[in-house]
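A structural walkthrough
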Amino acid sequence: MNFSKSASLGLLSAATLALVAFTQVAPTEPANAQVAARDGIAFDAYLELIKARARAQGVSEATLQRMTSGLTPNPRVIRLDQGQPGRPTRRGYPAMAPYIATHVNATRINSGRREFQNNRSMLRAVEQQYGVPGQIVIAIFGHETSYGRIRGDFDLSRSLATLAWEGRRRELFEGEWIALMKVADKGFSRQQLVGSYAGAFGNPQFLPSVYLRLATDGDGDGRANIFNNRADTFASIANYFRDAGWRTGQPWGVRASVPTGFDVDAYKNKLVSPVCSRVHERHSQWKTVAEWRALGVQPQRPLPDDTLTSLFQPDGPGKPAYLLTGNYRVILEYNCSNYYAMSVGLLADEIVN
């Protein structure tokens with residue numbers, strides 16, 4: 001899930017933050033560790049302030065009481081947030097092949113195939129309603145939470161209140177905390193509302209604001225339960241993709257053969273993206289498949305000649321190359337990383353191969 005849908009453009013996606021939360025290992029924080037807000041406001045005073053704002057937006061007193069009882073700031077959450085990697089340097093990009101080998105491995109492929117087979121009829125219905133292929137839905141499910149096995153165990157109320165209070169991105173995290181209170185007001189317990197340190201939760205790792213906007217009741221029981229309900233999880237992921245502009249019937253991309261000596265720099269994209277520019281600058285200009293064929297670039301799977309695509313050679317000449325469609329950009333909406341988007345697309349392909 002991407003912050004660009006829930007706050008301002010240019011911020012890290014929830015999925016990215018969840019990945020950081022799951023992969024960074026921090027030492028145990030001393031119980032008396034000192035943390036402070038950037039503007040000096042006391043945590044208890046700030047908590048009362050945001051509770052008042054939540055009340056003004058209709059959150060019940062009972063929900064506020066159970067979601068804030070005993071709440072204290074979490075120093076580890078602040079450290080994780082401040083320890084996020086900064087802007088990449090110009091020294092180049094890590095090779096993609098090792099990342100793909102790790103994230104599109106036999107275990108993940110086989111687990112994805114089982115999920116796909118065991119839920120085939122459900123996924124078929126989701127695709128008919130939302131236009132998003134079941135294998136894409138399953139690939140997101142696999143990458144986000146290892147098919148529901150790893151969802152994070154941070155108390156979301158404590159984490160989001162901590163990040164809002166600390167103040168580096170107060171507007172964003174205060175809004176997400178209030179949105180979480182609205183989610184809790186739907187009957188979810190505080191014990192259920194756990195996830196990544198940055199607030200993403202459930203099988204799709206949605207932020208609270210995204211849950212409120214796009215989480216979907218897939219089985220008609222009146223509740224969008226993205227924690228342990230497959231129907232709701234799949235429908236919610238598909239709804240996110242449809243909202244982001246997924247084009248039905250179009251793949252995310254296909255492998256392509258590139259002639260020896262092809263000057264890819266001659267077709268370099270000269271536009272600067274306002275969002276995740278380092279991601280998009282690696283893609284070529286957009287051309288139709290027919291135009292690429294005329295230049296000697298051949299898709300290795302059928303694509304209509306009028307399909308607009310961008311050439312991407314993540315590891316350089318002589319390595320695998322791809323023609324990416326607009327649906328690849330939709331995957332980037334979920335997590336603005338070429339490594340993530342490529343691994344989702346390739347995993348989805350393997351699931352149905």
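In this text, all values refer to a predicted model and were calculated from it rather than measured experimentally. (Residues numbered from 1 in each chain as written. Predicted model: local features only at pLDDT ≥ 70, side-chain atom pairs only at ≥ 80, totals over all residues. Heavy atoms only, no water.)

On to the side chain of T288. When you line up the elements, T288 lands in strand β4 (residues 286-288). Exposure remark for T288: the relative accessible area of 18% places this residue in the buried category. T288 has contacts with D305, D306, T307 and L308, leaving out every residue within four places of it along the chain. (Helix = DSSP H or I, 4+ residues; strand = E, 2+ residues; numbered from the N terminus. Buried < 20%, exposed > 50% of the residue type's maximum accessible area, 1.4 Å probe, protein only. Contact = heavy atoms within 4.5 Å.)

Ordered in space as β4-β6-β7-β3-β5, the five strands form an open sheet in which the pairing is antiparallel. Each edge of the open sheet is held by one strand with a lone partner, namely β4 and β5 (298-299). Pairing of strand β6 (residues 308-312) with strand β7 (residues 321-324), which is carried by three bridges, proceeds in the antiparallel orientation. Bridging from a neighbouring strand, F312 pairs with Y322 of β7. (Pairing = 2+ DSSP bridges.)

Mapped onto the secondary structure, C336 falls in the loop between α15 (326-334) and α16 (338-352). A sequence separation of 57 residues divides C336 from V279, and the C-alpha atoms of the two residues are 7.1 Å apart.

Turning our eyes to something else, we now look at the confidence of the model for the chain. Confidence in the prediction for the chain averages 89 pLDDT; 88% of positions are at 70 or higher. Segment residues 2-33 is flagged for pLDDT under 50; beyond a separation of four residues in sequence, or across chains, it makes 73 contacts in the model. (pLDDT = per-residue confidence, 0-100.)

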